[in-house]
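Examination of the molecular architecture
Chain by chain, the residues:
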Amino acid sequence: LTGVDYSSESVSQGFIYKYTYDPNTSAVPGTELKIYTLNESSLLKQAATVFQKKYPDIYLNIQTGMSGDDSFTSSDAVKVLNTEIMAGKGPDLLLLDGLPEDTYIEKGLLEDISGLFSEADLLDNIKDAYTGEDGKIYAMPVKFAIPLLQGKKEEIDSVTDLTSLADLAEAHKDEYKAFHLFSYSAMKPALLLKCLTDVNMPAWIKEDGTLDSESVASFLEDSNRIYQTSADVVKELIAEYGEDSFASLSSEYSRHDMGIGGSVMSILGGNFLAGFGGLFSPSDLSYVDSVNKADSSLGIKLWDGQSKNTFYPEQIIGISAKSTNKEAAQEFLSFLFSEEGQKLGAEVGLPVNRTIYEDVNYWTQGTPGKAISFTSSENNETGEHVELEICLPSEETAKEIIDLGKTLTIPSKDNSIVQNAVLDAGTRYIDGDISLEEAVSAITQEVNLYLSE
């Protein structure tokens, strides 16, 4: 079983656990702790292995809602989960990524866990974002990510929201051709909408919990502006190379799959004008920083959309109010937010534990500037081969990111019900199958119907 060794100079070096038989350990754990997650979680699997070694009397039963069957949607999974919870057969712990977190809180389905965090060493901005006016906390992300925008400094300096991002895309419309586009995400409507959702969704929900139709309409309009700048070029590419050549550009990707580190070489090679996504790990920072150093005209900045100062919460977890094993559930939560637990899942997100997050060594592995890997890419238009040595970031770069992450106060929403409604109707709107008004109406009806249930 592998994990990450933070004492190593490599960002992603693994380690191996060795287990031996202990005759004094009970063969049958006394407590079964059920943990529900909509999609598989590598972090939960790692944490369960380490936790059960420390607490052999607690068995962690991880239940995944999505079976992988295309006919079984996230909406179906949520309905099944809700039925089980109301019947008293639900899980003890909920990994809320993709689940309607706010609805569960409003309906009293989550336990107040503020007592666990009263003296916990968590980043203030993350903790405060999940603390209600009454001081109660019903959920907390185990990790988080920083949304970043990367491109030419003089270009991205003008971007302050989604509308100005669309302005930037349109300003270069005449330059787009087969292998030089605004962004890789702009090659498919659903993919673009998925990539843009995270820093915009917080603006879509009103204080009363209903959908803000005007904000959604504005989101769809600006997204469409970005896509249409290179729509003709994309159609030509598909016609020449075939639809199958672009099958990998899937909206099924998680936001982790579409992180900022994935497009840096394409930006350096001149294939894309800009890239945007989350910074999830020191490895991501190494790639971003190495590219910026290779081309001094490139830079990064906080990626703001309709919502400002947003962070991506990852692995949001809470205890079910109907759990019959709350003490064991609290033990597991305490472990997840301890320094030991926070060192797991290095690529899943940044730690919310202050001690680890603020430690420059976490980012530089104690050897700033050391080469850790080598990568290359090719400019498909010019044929130029671009090679790059990936180096650990400097202490200065690490401190800048550390400080930036501590300024973020608004958690991005990750409600699969809302997101799927926007992706479905939004894609049809961008494809020209329905009008903007029809798209917004369809989204509003679907989301408000669910929220009223």
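For clarity, every value in this text was computed on a predicted model and none was experimentally measured. (Residues numbered from 1 in each chain as written. Predicted model: local features only at pLDDT ≥ 70, side-chain atom pairs only at ≥ 80, totals over all residues. Heavy atoms only, no water.)

Attention now goes to the pattern of salt bridges. Enumeration over the complete set of coordinates arrives at 13 salt bridges. Between K45 and E40 there is a salt bridge; the shortest N-O distance is 3.3 Å. Between K326 and E111 there is a salt bridge, with its nearest N and O atoms 3.1 Å apart. Within this pair, whereas K326 is found in helix α13 (residues 326-336), its partner E111 is found in the loop between α3 (101-106) and α4 (114-117), the two being separated by 215 residues in sequence. The network of salt bridges with shared partners includes D167, E170, D222 and R225. (Salt bridge = Lys/Arg side-chain N within 4 Å of Asp/Glu carboxyl O. Helix = DSSP H or I, 4+ residues; strand = E, 2+ residues; numbered from the N terminus.)

Once that is clear, we can look at helix α1 (residues 42-54). Note on helix geometry: an α-helix contains 3.6 residues per turn, so any two residues three or four positions apart are oriented the same way. Taking 1.5 Å of rise per residue, 13 residues should cover 18 Å, and α1 covers 19 Å from first to last C-alpha, within 8% of that figure. Considered for burial, the residues of α1 that qualify are L43, L44, A47, A48, V50 and F51. (Expected span 1.5 Å × (residues − 1). Buried < 20%, exposed > 50% of the residue type's maximum accessible area, 1.4 Å probe, protein only.)

Inspection of the entire model under this criterion finds 12 aromatic pairs. Pairing F51 with F335 gives two aromatic rings, centres 5.7 Å apart and planes at 55°, and the pair type is tilted. With F51 in helix α1 and F335 in helix α13, this residue pair connects regions lying 284 residues apart in the sequence. Each ring, one from F144 and one from Y357, has its centre 5.5 Å from the other, and the planes form 55°; the classification is tilted. Note that F144 is positioned in strand β4 (residues 140-152) and Y357 in helix α15 (residues 354-357), a separation of 213 residues in sequence. Every member of this aromatic cluster is reached through a ring pair, and the members are F144, F311, Y357, Y362 and W363. (Phe/Tyr/Trp six-rings, centres within 6.5 Å; stacked < 30°, edge-to-face > 60°.)

Mapped onto the secondary structure, S223 falls in helix α9 (residues 213-228). Among the residues examined, S223 registers a relative accessible area of 0% and is labelled buried. Filtering out sequence-adjacent residues up to four positions away, S223 remains in contact with L162, L192, L193 and L196. (Contact = heavy atoms within 4.5 Å.)

Counting 133 residues, the largest nonpolar core has L220 and F332 as its most contacted members. The leading source of residues in this core is helix α18 (residues 416-430), at eight residues. When neighbours within four sequence positions are excluded, F332 is seen to be in contact with L33, I35, L44, A47, F51, L60, L93 and I317. (Core = buried A, V, L, I, M, F, W, Y, C linked by side-chain atoms within 4.5 Å.)

In this model, α9 (16 residues) spans 22 Å end to end at C-alpha, consistent with the 22 Å of a helix rising 1.5 Å per residue. Burial in α9 covers these residues: S215, V216, A217, F219, L220, D222, S223, N224, I226 and Y227.

Between two packed helices, what matters for the description is the angle formed by their axes and the separation of those axes. Two elements in contact, α9 and α18, have axes separated by 10 Å at closest approach and are oriented at 50°. On the basis of their axis angle, the class for α9 and α18 is oblique. Helix-helix and strand crossings are classified by hand; for α9 and α18 the assignment is right-handed. Contacts from F219, L220, E221, N224, Y227 and Q228 in α9 reach V422, G426, Y429 and I430 in α18. Its residues assigned to classes, the contact of α9 with α18 shows six nonpolar, three polar and one charged. (Axes fitted to C-alpha atoms, helices over the stretch in contact; angles between N-to-C directions. Parallel < 35°, antiparallel > 145°, perpendicular 65-115°, else oblique. Left-handed = near helix turned anticlockwise from the far one by under 90°. Nonpolar A, V, L, I, M, F, W, Y, C, P; charged D, E, K, R; others polar.)

We now examine the environment of W363. Considering the arrangement of structural elements, one finds W363 in helix α16 (residues 360-364). Overall, W363 belongs to the buried group, its relative accessible area being 0%. Residues W363 and I401 lie 38 residues apart in sequence; the distance between their C-alpha atoms is 9.5 Å. Among the polar contacts made by the side chain of W363, one reaches the main-chain carbonyl oxygen of Y357 at a distance of 3.0 Å. (Polar contact = N/O pair within 3.5 Å; in protein donor to acceptor, adjacent residues only side chain to side chain.)

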